Amino acid sequence: MRSSATLVAMAALASCRLAFAQLSNLQVTEVMFNPLTASESRFEWIELRNAGPSDIDLDGYAFSDLGDTLSATNPAATPINILATTSGGNAANTVVPAGSVAVLYNGTAFEFDDARYRAGWNLPSDVRLIGVEGFPQLNSSGAQRQVGLWDSAESWELDAPIDGEQRKVTGFANAAYSFDYTVAAGFPASSDGQSIAYSGDGSITDGTNWSLSESGVDGAVTSLATFLPSGDQLNGPDIASPNVVPTGAAASGVLITEFIAQPADSPDEGQNSGFDFEWIEVLNNTGGVLDLTGYVLDDLGSARSYANIAGGSIANGETAVLFDAGNLQISDLETIWGPGNYVPVTGWPQLNNGGDTFGLWNSLASYQSEVDPGMTFNEAVAVLSYQSATGGWPDGSGDGSIYLTNLDAANGNGESADGSLWAATTEDAQGAAIANPLFESPIPDYHAGDVGSPGVFGNVTPSPILGDFNDDGVVNLADYTVWRDNLGSTTPGVLNGVGDNGGASSGIVDAADYLLWKTRFGSVASPSVSLTHGVPEPASAVLFGLMSASALYSKKKLSKITYRFRCSMVNVDSVDG
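Each chain has its residues counted from 1, following the order in which its sequence is written. Under the rules for a predicted model, residues below a pLDDT of 70 receive no local features and side-chain atom pairs below 80 are neither given nor counted, while totals for whole chains, interfaces and linings still include all residues. Where side-chain values are given, they derive from all heavy atoms of the structure, hydrogens and water being excluded.

**Q** Tell me what's going on with the pattern of salt bridges, and back it up with residues and numbers.
**A** It is possible for side chains bearing opposite charge to pair when their charged atoms get close. A side-chain nitrogen of Lys or Arg and a carboxyl oxygen of Asp or Glu constitute a salt bridge if their distance falls within 4 Å. Using the criterion set out here, one finds 5 salt bridges in the structure. The partner of arginine 42 in a salt bridge is aspartate 445, with the nearest N and O atoms 2.9 Å apart. Taken together, the positions of arginine 42 in helix 2 (residues 40–43) and aspartate 445 in strand 31 (residues 443–446) put the pair 403 residues apart, joining distant regions of the chain. Summary of the burial criterion: residues with accessible area below 20% of their type's maximum are buried, those above 50% are exposed, and those between are partly exposed, where the area comes from a 1.4 Å probe applied to protein chains only. Given a relative accessible area of 22%, arginine 42 falls into the partly exposed group. Take aspartate 445: its relative accessible area is 4%, and that puts it in the buried class. One salt bridge in this structure joins arginine 484 and aspartate 485, with 3.3 Å as the shortest N-O distance. Taking the relative accessible area as the measure of exposure, arginine 484 reaches 23% and is therefore partly exposed. Each of the salt bridges in this network shares a partner with another, and the network as a whole consists of Arg42, Glu111, Arg116 and Asp445. For the purposes of this entry, the term helix denotes a DSSP run of H or I that reaches at least four residues, the term strand denotes a run of E that reaches at least two, and both are numbered from the N terminus.

**Q** Before we move on, could you go through the sheet that holds strand 28 (residues 402–404) and cite the residues and values that matter?
**A** DSSP calls a pair of strands paired once it identifies at least 2 bridges connecting them. One open sheet holds the 6 strands; their spatial order is 25-24-20-19-28-29, and the pairing between them is mixed. Strands with a single pairing partner mark the edges of an open sheet, and in this sheet they are strand 25 (342–345) and strand 29 (422–424). The sheet shows a mean angle of 30 degrees between the axes of neighbouring strands, direction not considered. The pairing of strand 19 (residues 253–260) with strand 20 (residues 279–285) spans 7 bridges and is classified as antiparallel. Residue pairing for strand 20: valine 254 is matched across the bridge by asparagine 284. For this analysis, residues touch if any pair of their heavy atoms sits within 4.5 Å. Only the stretch in contact is used when fitting a helix axis, every axis being a line fitted to C-alpha atoms; angles between N-to-C directions are given from 0 to 180 degrees. In the packing of helix 5 (residues 330–337) onto the sheet, the strands contacted are strand 19, strand 20, strand 24 (319–324) and strand 25, and the crossing angle to strand 25 comes to about 135 degrees.

**Q** Describe the sheet that holds strand 12 (residues 166–168), with residues and values.
**A** An order of 5-12-11 is seen for the 3 strands of this open sheet, with the pairing classed as antiparallel. The open sheet has two free edges, formed respectively by strand 5 (69–71) and strand 11 (162–163), since each of these has just one partner strand.

**Q** Please provide a residue-by-residue account of the packing of aromatic side chains, values included.
**A** Pairing of aromatic rings covers Phe, Tyr and Trp, the last counted by its six-membered ring, and requires centre-to-centre distances within 6.5 Å; plane angles under 30 degrees mean stacked, over 60 mean edge-to-face, and any other angle means tilted. Evaluated as defined, the whole model comprises 32 aromatic pairs. Residues phenylalanine 179 and tyrosine 181 carry aromatic rings whose centres are separated by 6.5 Å and whose planes lie at 20 degrees to one another, so their mutual orientation is stacked. With relative accessibility at 4%, the residue phenylalanine 179 sits in the buried group. Tyrosine 181 sits in the buried class, given a relative accessible area of 0%.

**Q** Residue-level account of unusual backbone geometry, with values.
**A** Positive phi outside glycine occurs at glutamate 111, with the angle close to 55 degrees. Tracing the chain through its elements places glutamate 111 in the loop between strand 8 (101–106) and helix 3 (114–121). Taking relative accessible area as the criterion, glutamate 111 reaches 62% and is therefore assigned exposed.

**Q** Would you mind going over the nonpolar core in detail, with residue names and values included?
**A** Grouping buried Ala, Val, Leu, Ile, Met, Phe, Trp, Tyr and Cys residues that are joined through side-chain atoms within 4.5 Å yields what is termed a nonpolar core. Residues Ile46, Leu48, Leu58, Phe63, Ile82, Leu149 and Tyr181 are the most contacted members of the largest nonpolar core, which totals 32 residues. Mapped onto this core, the elements with two or more residues apiece are strand 1 (26–32), strand 2 (45–50), strand 4 (61–65), strand 8, strand 9 (128–132), strand 10 (146–150), strand 13 (177–180) and strand 14 (196–198). Once residues lying within four places of it in the same chain are set aside, the contact partners of leucine 149 are Leu26, Leu48, Leu58, Tyr61, Ala62, Phe63, Ile82, Ala175, Ala176 and Tyr177. Counting residues in hydrophobic clusters, the runner-up holds 31 residues, among them Ile280, Tyr295, Leu322 and Leu351.

**Q** Can you explain helix 8 (residues 511–520)? Please cite residues and give values.
**A** Since one α-helical turn is 3.6 residues long, residues separated by three or four positions face the same way. Of all the positions in helix 8, only Asp513, Tyr514, Leu516, Trp517, Lys518 and Arg520 are classed as buried. For helix 8, the elements touching its buried residues are helix 3 and helix 7 (477–485). Two residues or fewer after helix 8 comes glycine 522, characterised by a positive phi angle close to 95 degrees.

**Q** Residues and numbers for the side chain of aspartate 468, please.
**A** Summarising the element assignment, aspartate 468 is placed in the loop between strand 33 (458–461) and helix 7. Charged residues are defined narrowly, with Lys and Arg counted positive, Asp and Glu counted negative, and His plus the chain ends left uncounted. The buried charged residue aspartate 468 lacks any salt bridge partner; its closest oppositely charged side chain belongs to arginine 520, at an N-O distance of 9.4 Å. If near-sequence neighbours (up to four positions away) are discounted, aspartate 468 is found in contact with Gly473, Val474, Val475, Asp479, Asn496 and Val498.

**Q** Tell me what's going on with the environment of serine 366, and back it up with residues and numbers.
**A** With respect to the element layout, serine 366 can be found in helix 6 (residues 364–368). Between the C-alpha atom of serine 366 and that of alanine 380, which follows or precedes it by 14 residues, the distance is 7.6 Å. For the purposes of these results, a polar contact is taken to be a pair of N or O atoms within 3.5 Å, where, inside protein, one atom must be able to donate a hydrogen and its partner to accept one; residues adjacent in sequence count only when each atom of the pair is a side-chain atom. Engagement of the side chain of serine 366 in a polar contact is seen with the backbone oxygen of serine 363, the distance being 3.0 Å.

What follows is the structure, encoded as structure tokens:
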């Protein structure tokens, strides 16, 4: 009669056989081992396919390549680098689903934030990712293009003998699964930025059934440049209508029609827009094109020695927005206010909040002719004196512009300085808009240019793009407008089903949707796949076997039983028969 210990051991062996049978269905189907960037291991990845009928959980496994090393003198060092959060690790998922695929990626480099990794490849949320602690730097050439999975630290150590003060992987005899993708085995040679992928036909271990990925072929796409959403927002939510010509008939000449003297503060703590986001709108009603090259823009009390407008022009009947070239670029103004005619000004005069006088001269000579003894503005082609909340003027500190309401009553060159003709811009003003956010130079996260299809093995189908709230195939400022116009809404579908639907954000348009848009800004639509669930050719033979059960001796007194149920070994020192 078998003892209880024997039965436990037999049950453990049966469990291990089941695990081995499942793992025999594991396949490497794509490898990115030579990305474009020099920070290779950060962007390397491996796609694993589970061709069997049951999920495979890699929690507690070691993932290494040939030549991978680990300290042999540090007691805390462990080769186990796939560890679920439920086991004290950081990987949100460690399962390769039955009939599907999962991607091993450098979890450490992306702080185990799967969404950050997905953004680089525009992967839908149903593609399984497995973050790896300290992804090994994969070899890109020679005979060392081999990887393996070990189900315990002990089995890994058997293949990584001590070499001085470190252990170094020299083989895969004790690995639960290994894969050789060397050129000698017929696999494609290294090519910068292109993964190698299994065709799905023929032996998976025959390299002639593998090829370099090409963008647009079999679901392969080019990786997108993504950025961390940690850059502070620089500007505030100003309301203005730049590049909108006021109604009415203007007098002949050049006229100032709108300005921001006190921009809104940035909503990000520690940022203040200051004078950076001031601007002045100028209307040309001269009858011809107005060339601003060599013009001077200045305010009361200044005395400059150079023309501070180097170029730019205004068509007749149109406007230009003059802005501070010392802090912003034309592209920044286009981000904030959309397309328009923006003219940079060096040495911006910094408009006073409480009131000021500023003018535009058509040459340095005409400007300097009235600087001394005091600025008179008699030679200026356009001039404006304003106050704030006095003399009929609107309050200029309301986080927006002040605009000329009607051209009929304004006669140009100073005569528009009647405060009653001006108004603070509100959302219902003609052409008014809220400034789009401008951020500090973002921190690059994923780099662009790699070609591959991580998580893709099957039939290519269109995939929605996260943050594309207006469903036009790109995440841009138009999607911000959709978010802004629907902020607080609980109406289903207003964000095209691609907002943040997790946790408290589910079902409501809120700040979480904005942060998602911010993270995905610049993303473009690309194909993903509907994974096939059929079981193709069986995986290559499992590279390990069960240890003999002969350790279950009979007719001996039970003295000590040791079980290591990672399935690499089951040791029974002595069993009572």
